[in-house]
Amino acid sequence: MTDQANLFARFLAAAKQAGDKPFLVEGDTVRLSYADLDRETARRAAALAGLGAQPGDRIVVQVDKSIENVLLYLASLRAGLVYVPLNTAYTPAELDYFIGDAEPAVVVCDPAKQSAIADVAGTAKLVTLDAEGMGTLTDAVQAKDTTDLETAHRATDDLAAICYTSGTTGRSKGAMLSHGNLASNAETLFDIWHWQPDDVLIHALPIYHVHGLFVALHLALLGGSTIRFHQGFDAGAVLADLPRSSVLMGVPTFYVRLAAHDGLTRDAARNMRLFISGSAPLLESTFAEFEAKTCMRMLERYGMTEAGMICSNPYDGERVPGTVGFPLPGVSARVADESGAEVPRGEPGVLEIKGPNLFQGYWKKPDKTAEEMRADGYFVTGDIATMDADGRVAIVGRAKDLIIAGGLNIYPKEIELAIDAVPGVGESAVIGVPHPDLGEAVVAVVTRIDPDLNEAAVLEALGDLARFKQPRRVIFADALPRNAMGKVQKAKLREAHAGLYSSS
Ligand code: MCA
Ligand code: AMP
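Residues numbered from 1 in each chain as written. Chains lettered and ligands numbered in written order. Predicted model: local features only at pLDDT ≥ 70, side-chain atom pairs only at ≥ 80, totals over all residues. Heavy atoms only, no water.

Peer 1: How do you make sense of the site of ligand 2 when you look at a structure like this?
Peer 2: The local shell around ligand 2 holds 16 residues, among which R301, T305, D383, K400 and N409 are the closest. Measuring from a nitrogen atom of ligand 2, one finds a side-chain N or O atom of E300 at 2.9 Å. In the complex, 92% of the free accessible area of ligand 2, which totals 500 Å², lies under the protein chains. Counting residues per element, the shell around ligand 2 draws most heavily on strand β13 (residues 299-304), which supplies 5 residues. Its residues placed into classes, the shell around ligand 2 shows 6 nonpolar, 5 polar and 5 charged. (Near = heavy atom within 4 Å. Polar contact = N/O pair within 3.5 Å; in protein donor to acceptor, adjacent residues only side chain to side chain. Areas by Shrake-Rupley, 256 points an atom, 1.4 Å probe, with all protein chains shown as cover. Helix = DSSP H or I, 4+ residues; strand = E, 2+ residues; numbered from the N terminus. Nonpolar A, V, L, I, M, F, W, Y, C, P; charged D, E, K, R; others polar.)

Laid out in structure tokens, this is it:
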């Protein structure tokens, strides 16, 4: 077994080194120690095999964040399964698509959703897991007492996960991430962020996206480090954990809320080594406010589902607000024009990247993969960036029509299609407007055929969309502004409604 590339094998080796050190801690309670990791993941991997899942099979998971959920992810890796995490906000109608596309052997859902999901689970084995870690999956695990189970053998390019990411035109696409992709990214970050085995990470992100599932969990696991585990983000609870922690990873909304809290002081952050922000643009004002209160400069990094982390401000060098720092070691990045030719330094263009972190393509969609790849292997991110003479990157806009609210991506096209189907609607344009808490808020500008149609009726008709995607406001207009080509001018709409949530 010399070429074992299963990421879990690395975690297991680190766990053996860590001995009986706490792995997952909630409040004052150690919920799992590194000494337990081998046995507990072995039992769950054996239970998954007992459900008929074979290496290479997909396992679709839509459950609340819990210790059991972490173990389920690790057991899936151990068993050689391809882990497919789904946002808990997705509705059964949305799940229907994901399950149909992923063709999983096993689906794990909350018991409360079991009957709705049974209708769309197809031939997959459906098991349940609740927020307390109970359900039919746990029953199956309790029947297993395997202490000795070999980690499934995986090659570097074998898939570890498929993470769905929405598209600007069609349905969501599953980004295929291999064991090699995930391992290389984790090892690079471990290195450049000077990860220490005695780091204590506050984990308050969801574990259905790259940030919380891979970046946060993997670094702690590689280091055999302790995680202070939070089921969700609550500023007071995170502040209470700060004095006994050293690293926090969060989306900008975390930092906006922390900065607004009286409890954020230099003293509260005295043991913190690193505040990392990513997934959405961090406002320079948030960076400054945080520095004024803690005397610490946050570290902003940039990434995407298809490539994990791509750029990071330096650990030792200057952390410049409004920039995302430099491409990670091993990652090549260029700022290019529409033809893929590099633009002069300092000028904006689309960021293109290549490296060992870059995904294996979109699941069952080679044409979509090809659309976003250059002939020389660079991936077109759809983010507009500048790169200065030293290679420092700033994300200055988006070529893709995308809204990011509280670190969650929302593709306007999907919402527009749903609104256009509402009786009485003429047409719609969905935009993101500045929001002090979420960064951007979803707003729909709608023309109506039925003059009696009102905001509440439109919103009520959008129940099949996850709540976070639903517009916070519906604004009626006589017509949508269009350019000479007939394309809706969203920039004009964004400008017109920019003040909707600003206090000034
Ligand atoms: C919750 N709501 C939202 C969002 N979250 N609406 C818009 N955008 C959101 N992000 C809605 C709920 O449906 C609810 O609506 C109301 O807001 C309050 O819900 P609640 O659960 O109380 O909200 P919260 O707990 O305060 O959550 C906000 C949050 C959370 C902490 C910002 O969304 C979060 O943890 N976001 C992180 C997402 C993330 O991990 N992104 C990384 C993606 P109502 O009351 O009307 O029912 S990975 C990525 O982007 C790349 C790879 C990268 O670079 O990292
Ligand atoms: P996702 O599809 O969830 O992986 O989201 C990836 C997108 O989030 C990127 O393409 C960027 O548009 C955005 N993003 C991530 N990190 C940053 C950042 N630090 N600054 C600006 N945008 C970011």
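Peer 1: Which parts of the structure should I look at to understand the site of ligand 1?
Peer 2: Surveying the vicinity of ligand 1 reveals 24 residues, the closest of which are R257, S279, R301, A405 and R467. Between ligand 1 and S279 there is a distance of 2.6 Å, counted from an oxygen atom to a side-chain nitrogen or oxygen. Considered on its own, ligand 1 offers 1,000 Å² of accessible surface; in the complex 71% of this is hidden by protein. For the shell around ligand 1, the secondary-structure elements that each account for two or more residues are α8 (210-223), α10 (252-259) and β13. Looking at the shell around ligand 1 residue by residue, the class counts come to 12 nonpolar, 8 polar and 4 charged.

Peer 1: Before we go on, may I ask you to explain the packing of aromatic side chains in this structure?
Peer 2: Working definition: an aromatic ring pair is given by the centre-to-centre distance plus the angle between the planes. Scanning all chains against the criterion turns up 13 aromatic pairs. Taking 5.6 Å as the distance between ring centres and 65° as the angle between the ring planes, the aromatic pair formed by Y97 and F98 counts as edge-to-face. By relative accessible area, Y97 is classed as buried at 17%. Taking the relative accessible area as the measure of exposure, F98 reaches 3% and is therefore buried. Relative to F290, the ring of F275 has its centre 4.8 Å away and its plane inclined at 75°; by these criteria the two rings are edge-to-face. Highlighted residues: F275 in strand β12 (residues 274-277) and F290 in helix α11 (residues 284-294), separated in sequence by 15 residues. In terms of burial, F275 and F290 fall into one category: buried. Between R319 and the ring centre of Y315, over which it is positioned, the NZ or CZ distance is 5.6 Å. (Phe/Tyr/Trp six-rings, centres within 6.5 Å; stacked < 30°, edge-to-face > 60°. Buried < 20%, exposed > 50% of the residue type's maximum accessible area, 1.4 Å probe, protein only. Lys NZ or Arg CZ within 6 Å of the ring centre and 35° of its normal.)

Peer 1: What am I meant to see in the side chain of N87 here?
Peer 2: The residue N87 is located in the loop between β4 (82-85) and α4 (92-102) in this model. The class of N87 is buried, set by a relative accessible area of 2%. Here N87 is in contact with Q62, Y208, H209, L408 and F468, once residues within four sequence places are set aside. (Contact = heavy atoms within 4.5 Å.)

Peer 1: Help me out: how do you make sense of the nonpolar core in this one?
Peer 2: Within the largest apolar cluster, 111 residues are counted, with the highest numbers of intra-cluster contacts made by F23, L74, V108, M249 and F275. Considering every element that reaches this core, the biggest residue donor is α8, with 10 residues. Look past the residues within four positions of L74 in its chain and what remains in contact with it is F8, F11, F23, L37, T41 and L221. Within the second largest apolar cluster, 41 residues are counted, among which are I117, I162, I410 and V422. (Core = buried A, V, L, I, M, F, W, Y, C linked by side-chain atoms within 4.5 Å.)

Peer 1: What am I meant to see in the sheet that holds strand β18 (residues 379-387) here?
Peer 2: Taken in spatial order, the 4 strands of this open sheet run β16-β17-β18-β19, and their pairing is antiparallel. Each having just a single partner strand, β16 (332-336) and β19 (393-398) make up the two edges of the open sheet. Strand-to-strand twist in this sheet, taken as the mean axis angle between neighbours without regard to direction, amounts to 50°. Of the strand pairs in this sheet, β16 and strand β17 (residues 349-354) are connected by 5 bridges, and their pairing is antiparallel. Each bridged residue has a counterpart across the sheet, and for V335 the counterpart in β17 is L351. (Pairing = 2+ DSSP bridges. Axes fitted to C-alpha atoms, helices over the stretch in contact; angles between N-to-C directions.)

Peer 1: What is the right way to read the pairing of strand β9 (residues 200-203) from this model?
Peer 2: A regular strand places its side chains so that they alternate between the two faces of the sheet. Side-chain alternation along β9 places V200 and I202 on one buried face and L201 and H203 on a second face that is also buried. Across 4 bridges, the pairing between β9 and strand β10 (residues 226-229) is parallel. Its bridge partner being in β10, I202 is matched across the sheet by R228. With α8 bridging β9 and its parallel neighbour β10, the resulting β-α-β unit is right-handed. Relative to strand β11 (residues 247-250), β9 is paired through 2 bridges, and the arrangement is parallel. Bridging from a neighbouring strand, L201 pairs with V247 of β11. (Right-handed = clockwise from strand over helix to strand, strands pointing away.)

Peer 1: Where do I start with the side chain of S245 in this structure?
Peer 2: Take S245: it is sitting in the loop between α9 (235-241) and β11. Classification of S245 by relative accessible area gives buried; the value is 3%. Polar side-chain contacts of S245 include one of 2.7 Å to the backbone oxygen of D241. Contact partners of S245, with chain neighbours within four places excluded, come to V200, I202, R228, N271 and M272.

Peer 1: It is not clear to me how the sheet that holds β13 should be interpreted in this structure. Could you clarify?
Peer 2: Reading across from one edge, β2-β1-β10-β9-β11-β12-β13-β14-β15 is the order of the 9 strands in this open sheet, with mixed pairing throughout. Every other strand in the sheet has two partners, leaving β2 (29-33) and β15 (326-327) as the edge strands with one partner each. Lying over the sheet, helix α3 (residues 67-78) contacts β1 (22-26), β2 and β10, oriented at roughly 150° with respect to β1. Packing against the sheet, α10 makes contact with β11 and β12, and its axis sits at approximately 120° to β11.

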